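The residues making up each chain are set out below.
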Amino acid sequence: MANILFTMIDINVGGTENVLLRFIDELNKRNHRITLLLANNEGGWINRIPTYVDVRFIQLTDKQKKNVCNLGIRQNIVAEFKHGRIVSAIKILIKKMLGDNLATLKFDFSELPCIDDYYDIAIAFQYHNTFTSRYVAEKINAGKKYIWVHNDLLTTKYNYKYTYSYIGNFDKIFCVSKSLKDEIDACYGNAIDVLNKVDVFYNSIDYEKIIRLANEPQTEISKDTMSILSVGRLNAQKGFDLAVKVAQKLKENNEKFCWYIIGEGEDQKKLGKLINK
């Protein structure tokens, strides 16, 4: 039985979170002890964390927690300008231009305390989340450290060069597809110490659950009108508000259609009000 630690910012509604919960379930069946370390105790799927998981939180003040969970460059720069903090906004912009992925972090990362407990394996489950990845690399005491890559680097424009200072602390870099591995290999180039650690680890698929859901009663879909289906997390990033506006245009053009949206998220009520409007 291994003592395994996973880190995430939070457990929101999303693909990576779904994969994590599935992974945890598989490890539990093999009697491993699971700890989930989060920065935030909120999220659309926080209640889906199994009771056998030891949930812990990174020691952050309320102000630090709010900062860590809102590290987006654009919204931070806009917020600083709105509050008249011009110098602060310029500093953030310069840091980002110089390649600092944590440019909007408003406290010194080195000030964060280390986790004293020992883990057989510590996993940074979101390569693209610089804060939690670096936290595992520098603040966790573990026999082995792994990091998971779920998204590509080029399309997301992720500054992988920032990881040079800590990526070497990981024993394995797991990519969820061969194409991601190829991209990681290409980006890290001649860094042999990194390339030798990169491997492919495909996401686990719950076939029984898929078949069970497929056999459930289906929504009646009319064949007399055009049907449109959108599936995704209901938050600002996914842009479902644009779908509602497009639907309004189609309606104004007297198009016969029915638009189905399947998903959960923090913007569900907001989108409902927009649809009713």
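Refer to the structure presented above.
Quick caveat: nothing in here was measured; it's all calculated off a predicted structure. (Residues numbered from 1 in each chain as written. Predicted model: local features only at pLDDT ≥ 70, side-chain atom pairs only at ≥ 80, totals over all residues. Heavy atoms only, no water.)

Student: Just give me the short version of the side chain of N3, but keep the residues and values in it.
Tutor: The topology assignment puts N3 in strand β1 (residues 3–8). For N3, a relative accessible area of 16% gives the class buried. Here the side chain of N3 touches Y118 through a polar contact of 3.4 Å, landing on its backbone oxygen. Dropping the residues within four chain positions of it, N3 is found in contact with R33, T35, Y118, Y119, D120 and I121. (Helix = DSSP H or I, 4+ residues; strand = E, 2+ residues; numbered from the N terminus. Buried < 20%, exposed > 50% of the residue type's maximum accessible area, 1.4 Å probe, protein only. Polar contact = N/O pair within 3.5 Å; in protein donor to acceptor, adjacent residues only side chain to side chain. Contact = heavy atoms within 4.5 Å.)

Student: Mind laying out the pairing of strand β2 (residues 33–38), listing which residues take part and the relevant values?
Tutor: Judged by how many residues are buried, β2 sits mostly within the fold: five of six residues are covered. Where β1 lies against β2, six bridges are found, and the strand directions are parallel. Paired with I4 across the two strands is I34, which belongs to β2. (Pairing = 2+ DSSP bridges.)

Student: Please set out the environment of I49 residue by residue, giving values where relevant.
Tutor: Tracing the chain through its elements places I49 in the loop between β2 and β3 (54–57). Residues I49 and I24 lie 25 residues apart in sequence; the distance between their C-alpha atoms is 9.2 Å. Leaving out residues up to four positions away in the same chain, I49 has contacts with I11, L21, L36, L38 and V55.

Student: Residue-level account of the pattern of salt bridges, with values.
Tutor: Across all of its chains, the model carries ten salt bridges by this definition. In this structure, the salt-bridge partner of D25 is K29, at a minimum N-O distance of 3.5 Å. With D25 and K29 both in helix α1 (residues 15–29) and four residues apart, the pair spans about one turn of that helix. Judged by relative accessible area, which is 27%, D25 ranks as partly exposed. Put simply, R22, D25, E26, K29 and D206 are held in one network by salt bridges that share partners. (Salt bridge = Lys/Arg side-chain N within 4 Å of Asp/Glu carboxyl O.)

Student: Before we move on, could you go through empty space enclosed by the protein and cite the residues and values that matter?
Tutor: This structure, assessed with the given rule, holds one cavity of 30 Å³ or more. Of the voids in this model, the largest cavity is the one considered here, and its volume is about 60 Å³. Together, V19, R22, F23, F125, W148, F201, Y202, N203 and S204 line the largest cavity. Take the lining of the largest cavity: its biggest share by element is three residues, from α1. Class assignment for the residues of the lining of the largest cavity results in six nonpolar, two polar and one charged. (1 Å grid on protein atoms, 1.4 Å probe; cavity = no way out; pocket = protein on both sides within 12 Å on 5 of 7 lines; lining within 4 Å. Points joined across faces, edges and corners; volume = space filled by probe spheres on them. Nonpolar A, V, L, I, M, F, W, Y, C, P; charged D, E, K, R; others polar.)

Student: Which residues make up the sheet that holds β2, and what values go with them?
Tutor: Across the sheet, seven strands lie side by side as β3-β2-β1-β4-β5-β6-β7; this open sheet has parallel pairing. A strand with exactly one partner marks an edge of an open sheet, and here the two such strands are β3 and β7 (198–200). Looking at each pair of strands side by side, their axes are set apart by 35° on average, direction ignored. The sheet contacts of α1 involve β1, β2 and β5 (140–149), and relative to β1 the element is tilted by about 170°. In the packing of helix α5 (residues 130–139) onto the sheet, contacts are made with β1, β2, β4 (115–124) and β5, and the angle to β5 comes to roughly 155°. (Axes fitted to C-alpha atoms, helices over the stretch in contact; angles between N-to-C directions.)

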